[in-house]
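Summary of the model geometry
Residue strings, one per chain:
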Amino acid sequence: MKKKPLILIGSGGHAKACIDIVENEGKFYIYGIVDNKVKGSLLGYPIIGKDKDLKKYFKKVKHLLIGVGQIRDNKTRFRLYKMGKNLGYKFPVIVSKRSHVSKNSQIQEGTIIFHDVIVNSAAKIGKNCIINNKCLVEHDVFIGDHCHISTGAILNGNVAVGERCFVGSGAIIHQNTVIGDNCIIGAGVVVQGDVKSNSVFRHYE
């Protein structure tokens, strides 16, 4: 299969990790990188301009990947996603070959699945999400748009995570739990009950 060109937005640490996943999957090749502050190259790929230059590259490249991470909030990723959509770009789903994604799951555009992730049957993952290395997304889990499920997090069966949430490394969310929109779940916490929207959950239960 012929690889399609893709532009990566951002040149920080998360972008480096995204490059590895794109190369691993093998469906796209990185045409170039755009970054508002950095010039030169990243891991051998040229930085071809700034965000404002995306408009002129649309004639040659139709696919974008957001290589900007998300911890405290998703404002930058959300802004870049809306900008790319307004310009007409497509956001592919990128999945590491080292991960298992059930054929009975659903993953929407712009989401990237990192290495050693398991996405089980009937799970649904929204748009523009980061499902980071070694996550477990169990059966019937729902993850809303623009979320980051960080390294090693475990979302047990029937968990629902609202939009624009961050779930920290190693967090465990018990089955049937509902996490509201705009929540931050701290690293390593165990969540045994529902979490209201706009909450920061850092203590252990």
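Residues numbered from 1 in each chain as written. Predicted model: local features only at pLDDT ≥ 70, side-chain atom pairs only at ≥ 80, totals over all residues. Heavy atoms only, no water.

1. Digging into the packing of aromatic side chains
A complete count under the given rule lists three aromatic pairs for this structure. Centroid distance Tyr31 to Tyr57: 6.1 Å. Interplanar angle 65 degrees. Geometry classified as edge-to-face. One end of the pair, Tyr31, is in strand E2 (residues 28-34); the other, Tyr57, is in helix H2 (residues 54-57), with 26 residues separating them in the sequence. Taking relative accessible area as the criterion, Tyr57 reaches 13% and is therefore assigned buried. (Phe/Tyr/Trp six-rings, centres within 6.5 Å; stacked < 30°, edge-to-face > 60°. Helix = DSSP H or I, 4+ residues; strand = E, 2+ residues; numbered from the N terminus. Buried < 20%, exposed > 50% of the residue type's maximum accessible area, 1.4 Å probe, protein only.)

2. Overview of the pattern of salt bridges
The final tally for this structure, using the stated rule, is six salt bridges. Ionic pairing is found between Asp116 and Arg98, a salt bridge with its closest N-O pair at 2.6 Å. Pair noted here: Asp116 is in the loop between strand E9 (112-113) and strand E10 (118-119) and Arg98 is in the loop between strand E6 (94-95) and strand E7 (100-101), with a separation of 18 residues, a long-range link. The class of Arg98 is partly exposed, set by a relative accessible area of 47%. With a closest N to O distance of 2.9 Å, Glu163 and Arg164 form a salt bridge. On the basis of relative accessible area, Glu163 is assigned to the partly exposed category, the value being 29%. Judged by its relative accessible area of 27%, Arg164 falls in the partly exposed class. One continuous salt-bridge network, built from bridges that share partners, spans Lys52, Asp53 and Lys56. (Salt bridge = Lys/Arg side-chain N within 4 Å of Asp/Glu carboxyl O.)

3. Topic: the environment of Tyr81
Structurally, the position occupied by Tyr81 is in helix H3 (residues 75-87). Looking at Tyr81, the relative accessible area reads 6%, which means it is buried. Once the C-alpha coordinates of Tyr81 and Ile66 are considered, the two residues, 15 residues apart in sequence, prove to be 7.4 Å apart. Excluding residues within four positions of it along the chain, Tyr81 makes contact with Ile66, Phe91, Glu109, Lys127, Asn128 and His146. (Contact = heavy atoms within 4.5 Å.)

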